[in-house]
Amino acid sequence: MASEVWEDEGEPYHFQWAHVDSEEAWIFELSEGRRAPASWSGTPQEKTVMPGTMMVAVVAHDPDVEKPPYVRFDPGPTVPFELMKRFVGRVAEILDNGFETQPPAY
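Residues numbered from 1 in each chain as written. Predicted model: local features only at pLDDT ≥ 70, side-chain atom pairs only at ≥ 80, totals over all residues. Heavy atoms only, no water.

A.B. asks: Quick rundown of the overall build of the protein chain? Include the residues and the values.
C.D. replies: Counting its secondary structure elements, the protein chain contains 1 helix and 5 strands. Taking the principal axes of its C-alpha atoms as reference, the protein chain extends roughly 50 × 30 × 25 Å. Expressed as a percentage of its 106 residues, the buried residues of the protein chain come to 36%. When contacts within the protein chain are restricted to residue pairs at least 6 apart in sequence, those whose partners lie at least 24 apart make up 43%. (Helix = DSSP H or I, 4+ residues; strand = E, 2+ residues; numbered from the N terminus. Buried < 20%, exposed > 50% of the residue type's maximum accessible area, 1.4 Å probe, protein only. Contact = heavy atoms within 4.5 Å.)

Here it is as C-alpha cells:
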C-alpha cells in the first residue's frame with residue numbers, strides 16, 4: 001500500500017492506494033488524518049499522520065475487467081473542494097501513468 005500525507009488549511013489528510021487482487025482493482029482513498037498520540041512524543045514516530053475516517057474512495061478495475069470505475073463518498077465528513085480537486089488529480093495521474101506509485105510532481 002502506498003500513501004501520502006497532505007495538509008489543507010492546517011488539517012492533515014491521508015491519501016492511500018493499493019491493488020486488491022481479489023477484486024482485480026485499484027482502490028484509492030482519501031481520509032481525515034489522525035496525528036500521532038501525545039504518548040509518541042520524543043519518538044521517531046511523533047510526527048506520524050495515520051488514516052482516520054474515510055471521506056471518499058475510488059475503485060478502478062484492471063483494464064481487462066469490464067467494469068467501469070466508481071466513486072463512493074462517506075456521508076459523514078465533508079471534503080474541502082480544493083482537496084477534492086487534488087484527490088481527483090492525483091488518482092488520474094496514477095491511473096494515467098499505469099498505476100506507478102511515484103510521489104506527486106508538485
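Next comes the rest of the write-up.
A.B. asks: Any details on the environment of Gln-45? Residues and values, ideally.
C.D. replies: Mapped onto the elements of the fold, Gln-45 is located in the loop between strand 3 (25–35) and strand 4 (49–61). Separated by 22 residues in the primary sequence, Gln-45 and Lys-67 have C-alpha atoms spaced 40 Å apart.

A.B. asks: Which residues make up unusual backbone geometry, and what values go with them?
C.D. replies: Of note in this structure, Glu-9 is not a glycine but carries a positive phi near 50 degrees. What makes Glu-9 exposed here is its relative accessible area of 78%. A positive phi is found at Glu-24, a non-glycine position, where the angle reads about 50 degrees. You can see Glu-24 is positioned in the loop between strand 2 (11–20) and strand 3.

A.B. asks: I'd like a description of the environment of Arg-90, backed by residues and values.
C.D. replies: Looking at where Arg-90 falls in the secondary structure, it is placed in helix 1 (residues 81–96). Spatially, the C-alpha atoms of Arg-90 and Phe-15 are 9.3 Å apart, while their sequence positions differ by 75 residues.

A.B. asks: How would you sum up the side chain of His-14? Please name residues and give values.
C.D. replies: Within the secondary structure, His-14 sits in strand 2. Using a relative accessible area of 6% as the deciding quantity, one classes His-14 as buried. Aside from chain neighbours lying at most four places away, what touches His-14 is Ser-3, Glu-4, Val-5, Glu-29, Leu-30, Ser-31, Glu-32, Gly-33, Val-49, Met-50 and Pro-51.

A.B. asks: Explain the pattern of salt bridges to me, and be specific about the residues and the numbers.
C.D. replies: All chains considered together, the criterion is met by 4 salt bridges. For Glu-32, the salt bridge goes to Arg-34, with nearest N and O atoms at 3.4 Å. When the shortest N-O distance is used, the salt bridge between Glu-93 and Arg-90 registers 3.2 Å. Of this pair, Glu-93 and Arg-90 both sit in helix 1, separated by 3 residues, roughly a single helical turn. (Salt bridge = Lys/Arg side-chain N within 4 Å of Asp/Glu carboxyl O.)

What is shown is where atoms sit, not what they do.
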